[in-house]
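Okay, here's what each chain looks like letter by letter:
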Amino acid sequence: MVKNEDGTLSRGYKLATLRTLLDSAGLLTHVALSAIQVHDMAWCRPWLAAAPVWRAGDLLLEDRGFLDGATVSHVKRQRQVDVIIPLKANMLATQEAMQLAAMADQWDAHPSRAAQRIAGVHGVAHRWPECAVPLNAGVIRFWKKKKKWTDHLVLVTTDLKLNAPWMVRHDEERPEIAQDYEQMQSGGWQLQKRSSTR
């Protein structure tokens, strides 16, 4: 049970799933439960590092909420699993990638969004001290209509063979995974009926 900001109490648990993508379908290959109070990354770090389903050469698509340089480094070095993860806007590695992309000024078409442009950038890990493995970045540039300015998103990967269009293609699979997860919560597993006392 946890106390919310508005003073109400919430009862529950956390569920984490590792989904393996097979062509266009996802298969749950690892599931873990935890108390609701535990921070997501603190709880998932050990099983991400030791998941028995990993094979060398696998590619892990992580959400920004799992932004942890030590775990990215461990998964790459110890398990030979590559990672793609979006960076936060206030990170030095994000700023470095955006500046390098602007200096090179070699923007390609986004693979699926005509109004966006992308650029590949090499070697931004030195601006993320917690990450001890080489990183390349894909910078996505787009116009924000409401604020009327150009904005950027930055993805990084430990797979140094991936170019920016492929980083984007792989990262576009994450929303599908999130949608599957929401359907799982509201559908067949009836997870909304579970409580931490049963």
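Before reading on, note that the structure itself is shown above.
Since this is a predicted model, take the numbers as computed values, not measurements. (Residues numbered from 1 in each chain as written. Predicted model: local features only at pLDDT ≥ 70, side-chain atom pairs only at ≥ 80, totals over all residues. Heavy atoms only, no water.)

(A) Just the sheet that holds strand 9 (residues 136–144), in detail. On the basis of which strands lie adjacent, the open sheet formed by six strands has the order 5-6-10-9-8-7 and mixed pairing. Since the sheet does not close on itself, it has two edges, and those belong to strand 5 (59–61) and strand 7 (108–109), each with one partner. As defined by bridge partners, strand 7 adjoins strand 8 (residues 117–122) across two bridges and the pair is classed as antiparallel. Counted as the bridge partner of A109 is R117 from strand 8. (Pairing = 2+ DSSP bridges. Helix = DSSP H or I, 4+ residues; strand = E, 2+ residues; numbered from the N terminus.)

(B) Here's a closer look at the packing of aromatic side chains. Here the structure, examined in full by the defined rule, presents zero aromatic pairs. If you follow R141 out to its NZ or CZ, it ends over the ring of W107, 4.2 Å from the centre. The ring of W166 carries R169 above its face, with NZ or CZ at 4.7 Å from the centroid. (Phe/Tyr/Trp six-rings, centres within 6.5 Å; stacked < 30°, edge-to-face > 60°. Lys NZ or Arg CZ within 6 Å of the ring centre and 35° of its normal.)

(C) Structural detail: unusual backbone geometry. Of note in this structure, Q80 is not a glycine but carries a positive phi near 55°. Looking at where Q80 falls in the secondary structure, it is placed in the loop between helix 2 (69–79) and strand 6 (82–86). With a relative accessible area of 40%, Q80 lands in the partly exposed category. Positioned with a positive phi, K148 is a non-glycine residue whose angle comes to about 55°. When you line up the elements, K148 lands in the loop between strand 9 and strand 10 (149–157). Here K148 falls in the exposed class, since its relative accessible area comes to 62%. (Buried < 20%, exposed > 50% of the residue type's maximum accessible area, 1.4 Å probe, protein only.)

(D) Molecular detail of the packing of helix 1 (residues 40–50) against helix 2. Their axes nearest at 9 Å, the elements helix 1 and helix 2 cross at an angle of 10°. Considering the angle they form, helix 1 stands roughly parallel to helix 2. Where helix 1 approaches helix 2, its residues M41, R45, L48, A49 and A50 are matched on the opposing element by T71, H74, V75 and R79. Per-class residue counts for the contact of helix 1 with helix 2 are five nonpolar, two polar and two charged. (Axes fitted to C-alpha atoms, helices over the stretch in contact; angles between N-to-C directions. Parallel < 35°, antiparallel > 145°, perpendicular 65-115°, else oblique. Contact = heavy atoms within 4.5 Å. Nonpolar A, V, L, I, M, F, W, Y, C, P; charged D, E, K, R; others polar.)

(E) Region of interest: the nonpolar core. Judged by nonpolar contacts, the single largest core of 35 residues is most densely connected at L87, W128 and V156. When residues of this core are traced back to their parent elements, those giving at least two are strand 3 (13–22), helix 1, helix 2, strand 6, helix 3 (92–104), strand 8, strand 9 and strand 10. Top element by residues in this core is helix 1. It accounts for five residues. Leaving out residues up to four positions away in the same chain, L87 has contacts with R64, L67, A93, T94, W128, V154 and V156. By size, the runner-up hydrophobic cluster in this structure holds ten residues, among which are F142, L162, M167 and V168. (Core = buried A, V, L, I, M, F, W, Y, C linked by side-chain atoms within 4.5 Å.)

(F) Focus on the pattern of salt bridges. One pass over the structure, following the stated rule, counts six salt bridges. Among the ionic pairs, R127 bridges to E96, the shortest N-O distance being 3.8 Å. Residue R127 is located in the loop between strand 8 and strand 9, and its partner E96 is located in helix 3; the two are separated by 31 residues in the primary sequence. (Salt bridge = Lys/Arg side-chain N within 4 Å of Asp/Glu carboxyl O.)

(G) Representation of the side chain of T94 within the structure. The topology assignment puts T94 in helix 3. Those residues in contact with T94 that lie beyond four places of it in its chain are L87, K88, A89 and V154.

(H) Seen up close, the pairing of strand 8. In the sheet, strand 8 pairs with strand 9 via six bridges, with the strands oriented antiparallel. Paired with V121 across the strands is A137, a residue of strand 9.

(I) Molecular detail of helix 3. Over its 13 residues, helix 3 extends 18 Å from the first C-alpha to the last, a length consistent with the 18 Å expected when each residue adds 1.5 Å. All buried positions along helix 3 are accounted for by A93, T94, E96, A97 and A101. Down the axis of helix 3, the sector holding all buried residues measures 165°, keeping them to one side. The inward-facing, buried residues of helix 3 contact strand 8, strand 9 and strand 10. A positive backbone phi angle near 50° is found at D105, which sits one or two residues after helix 3. (Expected span 1.5 Å × (residues − 1). Arc of directions from axis to C-beta.)

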